[in-house]
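These are the residues of each chain, in order.
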Amino acid sequence: MDQKPPSGLTPEEQKRRRNRSVALALVLGALVLIFYVVTMAKFGPQILQRPL
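Treat the numbers as computed from the prediction; the structure is a model and nothing was measured.

Trainee: Any chance you could explain the overall build of the chain here in plain terms?
Mentor: On a plain count of helices and strands, the chain comes out with one helix and zero strands. Residue burial in the chain is summarised as follows: out of 52 residues, 0% are buried. When the accessible area of the chain is evaluated, it comes to approximately 5500 Å², of which 65% is carbon and sulfur surface.

Below you can see the structure in the form of structure tokens.
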């Protein structure tokens, strides 16, 4: 199925929208990575020594 671009958007506007979406995805991914690293740093090596 062909996806038609939203009506009224020029090719440059479509490109800007795509670039903005990619940038937002990268920022969100970086935020997730930062939360993961901070969580692992907070727990430290004790996280591997927990009882199952």
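Trainee: Mind showing me how you'd approach helix 1 (residues 11–43) here?
Mentor: The periodicity of an α-helix, 3.6 residues per turn, causes residues three or four places apart in sequence to face the same way. In a regular helix each residue adds 1.5 Å, so 33 residues correspond to 48 Å; helix 1 covers 48 Å between its end C-alpha atoms and thus fits that length. The element helix 1 is largely exposed, with a buried count of zero among its 33 residues. Immediately beyond the C-terminal end of helix 1, within one or two residues, lies Gly44, with a positive phi of roughly 70°.

Trainee: Is there a simple way to think about a nonpolar patch on the surface in this case?
Mentor: Judged by side-chain polarity, Leu28, Leu31, Val32 and Phe35 come together as a nonpolar surface patch covering roughly 410 Å² of accessible area. Residue placement: Val32 occurs in helix 1.

The rules we used
Residues numbered from 1 in each chain as written. Predicted model: local features only at pLDDT ≥ 70, side-chain atom pairs only at ≥ 80, totals over all residues. Heavy atoms only, no water. Helix = DSSP H or I, 4+ residues; strand = E, 2+ residues; numbered from the N terminus. Buried < 20%, exposed > 50% of the residue type's maximum accessible area, 1.4 Å probe, protein only. Areas by Shrake-Rupley, 256 points an atom, 1.4 Å probe, with all protein chains shown as cover. Expected span 1.5 Å × (residues − 1). Patch = residues over 30% accessible without salt bridge, like charges linked within 9 Å, V, L, I, M, F, W, Y side chains within 5 Å. Salt bridge = Lys/Arg side-chain N within 4 Å of Asp/Glu carboxyl O.

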